[in-house]
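Fold and geometry: a report
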Amino acid sequence: MSSDPAARAGALLEIDLGAIVSNWRLLAERAAPAQCAAVVKANAYGLGAAPVTRALAAAGCRLFFVATLDEGIALRAALGPEPEIAVFNGPLPGTAAEFAAHRLIPVLNEPGQITAWTGQKASPAILHVDTGMSRLGLSTREFTGFADELPKTGIVWRAIISHLACADTPDHALNEQQRARFAAATHRMPGVPASLAASSGIFLGPAYHFDFARPGAALYGVNPQPGRPNPMRQVVRLSGKILQVREIDRGESVGYGAAHVMQKPGRVATVAVGYADGWLRSLSHRGCGYIGGKRIPLLGRVSMDLVTFDVSAIDAAQARPGASIELLGEHYGVDDAAADAGTIGYEILTALGSRFHRIYRDPTATPLPE
Ligand SMILES: *Cc1c(COP(=O)(O)O)cnc(C)c1O
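Residues numbered from 1 in each chain as written. Predicted model: local features only at pLDDT ≥ 70, side-chain atom pairs only at ≥ 80, totals over all residues. Heavy atoms only, no water.

So, the pairing of strand E5 (residues 84–87)
- Bridge count for strand E4 (residues 63–66) against E5 is 4 bridges, and the pairing is parallel. Directly across from Val-66, in E5, lies its bridge partner Val-87.
- One crossover worth recording links E4 to the parallel E5 by way of helix H5 (residues 69–79), and it is right-handed.
- With 3 bridges connecting them, E5 and strand E6 (residues 104–108) associate as parallel partners. Its bridge partner being in E6, Ala-86 is matched across the sheet by Ile-105.
- The handedness of the E5 to E6 crossover, carried by helix H6 (residues 96–101), is right-handed. (Pairing = 2+ DSSP bridges. Helix = DSSP H or I, 4+ residues; strand = E, 2+ residues; numbered from the N terminus. Right-handed = clockwise from strand over helix to strand, strands pointing away.)

Description of the site of the ligand
- Looking at the ligand, there are 13 residues lining it, with Lys-41, Tyr-45, Ser-199, Gly-216 and Tyr-346 nearest.
- Take Lys-41: an N or O atom from its side chain is 2.8 Å from an oxygen atom of the ligand.
- Between the ligand and Tyr-346, the relevant distance is 2.6 Å, taken from an oxygen atom to a side-chain nitrogen or oxygen of the residue.
- Tallied by class, the residues present in the shell around the ligand amount to 7 nonpolar, 3 polar and 3 charged. (Near = heavy atom within 4 Å. Polar contact = N/O pair within 3.5 Å; in protein donor to acceptor, adjacent residues only side chain to side chain. Nonpolar A, V, L, I, M, F, W, Y, C, P; charged D, E, K, R; others polar.)

Quick word on the nonpolar core
- Leu-56, Phe-65, Leu-127, Tyr-220 and Trp-279 are the most contacted members of the largest nonpolar core, which totals 113 residues.
- Considering each element in turn, this core owes the most residues, 8 residues, to helix H2 (residues 17–31).
- When residues of this core are assigned to domains, at least three fall in each of domain 1 (17–220) and domain 2 (236–343).
- Leave out the neighbours within four places in its chain, and Trp-279 touches Leu-238, Val-273, Gly-274, Leu-298, Val-302, Val-307, Leu-327, Leu-328, Tyr-332 and Ala-337.
- Counting 5 residues, the second largest nonpolar core, distinct from the first, contains Ile-248, Val-254, Met-262 and Leu-299. (Core = buried A, V, L, I, M, F, W, Y, C linked by side-chain atoms within 4.5 Å. Buried < 20%, exposed > 50% of the residue type's maximum accessible area, 1.4 Å probe, protein only. Domains from an automatic or database assignment. Contact = heavy atoms within 4.5 Å.)

Looking at the domain arrangement of the protein chain
- Taken domain by domain, the protein chain comprises domain 1 (17–220) and domain 2 (236–343).
- The centre of domain 1, based on its C-alpha atoms, is set 40 Å off from the matching centre of domain 2.

Quick word on the environment of Gly-94
- Turning to its location among the elements, Gly-94 is positioned in the loop between E5 and H6.
- Distance in space between the C-alpha atoms of Gly-94 and Gly-191 is 30 Å, their sequence separation being 97 residues.

Digging into the sheet that holds E5
- An order of E3-E4-E5-E6-E7-E8-E9 is seen for the 7 strands of this open sheet, with the pairing classed as parallel. Since the sheet does not close on itself, it has two edges, and those belong to strand E3 (38–39) and strand E9 (194–195), each with one partner.
- H5 contacts E4, E5 and E6 of the sheet and is inclined by roughly 170° relative to E5.
- Those strands touched by helix H7 (residues 111–118) are E6 and strand E7 (124–128), and its axis lies near 145° from that of E6. (Axes fitted to C-alpha atoms, helices over the stretch in contact; angles between N-to-C directions.)

Here's what the structure looks like:
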């Protein structure tokens, strides 16, 4: 490359590994005396599985969860032999031997996966029982039918897990039902470590902690208790660069569909980020950015590679080509963007695009200025 990649990129994505580590420590304290694993599926919710896992392993995390076999193989190659890596989706037919070859612990979700793993019985596996999600995991009927057989399969049971459907809604009646069903299942697997809580489940209290928790989203700054103050540190800062600033007269339209019409004359900045970068089209007319701590409204529709902001109230010296607009950060967090886009922070993070220039802040570095 002929110039600095940070100079060429339309946007910079800064990922604060120190904030991820401090979020993990906070969750681990909340879950104690239970242990705390970390979920790094979908490339650590879009933020980079290898750097995130290395930082968390250095902080003392020993068990990591990915979603797929290929995510597990890539992470094993990046990390070396040390930490345990478990794969939520379990083995698809014909892949059991590869799990063993890469020292990946499959989560066995249905009877066929258990049968397939019986041939690899020297290698540990995790049993998933469904307690109210109806997604993955043995149904109560299947588990009841199988429970007496499970010790005889010869499989080394590393853990038994289940997943809460409504943990972000503490008053939901299903939480206690799932907890009780899971507790009953654990009694049939004595001595096997049990895990029910993801990020939000940790905040439901000690009855939900069992032997280890497995948070994902909260590590990356998503609020595990929607509607209450967020105890997690923000992890990402996204700065988009201004390509052009123009003066616009009253009555002129901005962007596709002429969907925004200027009510008064103003200045519009065009930024090099669009829905192809995960700046969701549903942020059209609703999102915002910040320059020097001042809120600037997003104008019109988000395009594939571009988005426009009203910078009429910003000094021309600050809003000029090459200057940055903060799209995610302390002023406008992942959950704020999610609320404006009509989605959840998880989707904002996992959508963050591959065209951004990524900068990792080392856990030992001084935190980003607030
Ligand atoms: C994704 C996932 C988690 C982590 O959930 P968060 O809400 O991101 O903390 C834990 N367990 C299972 C089974 C999952 O699929």
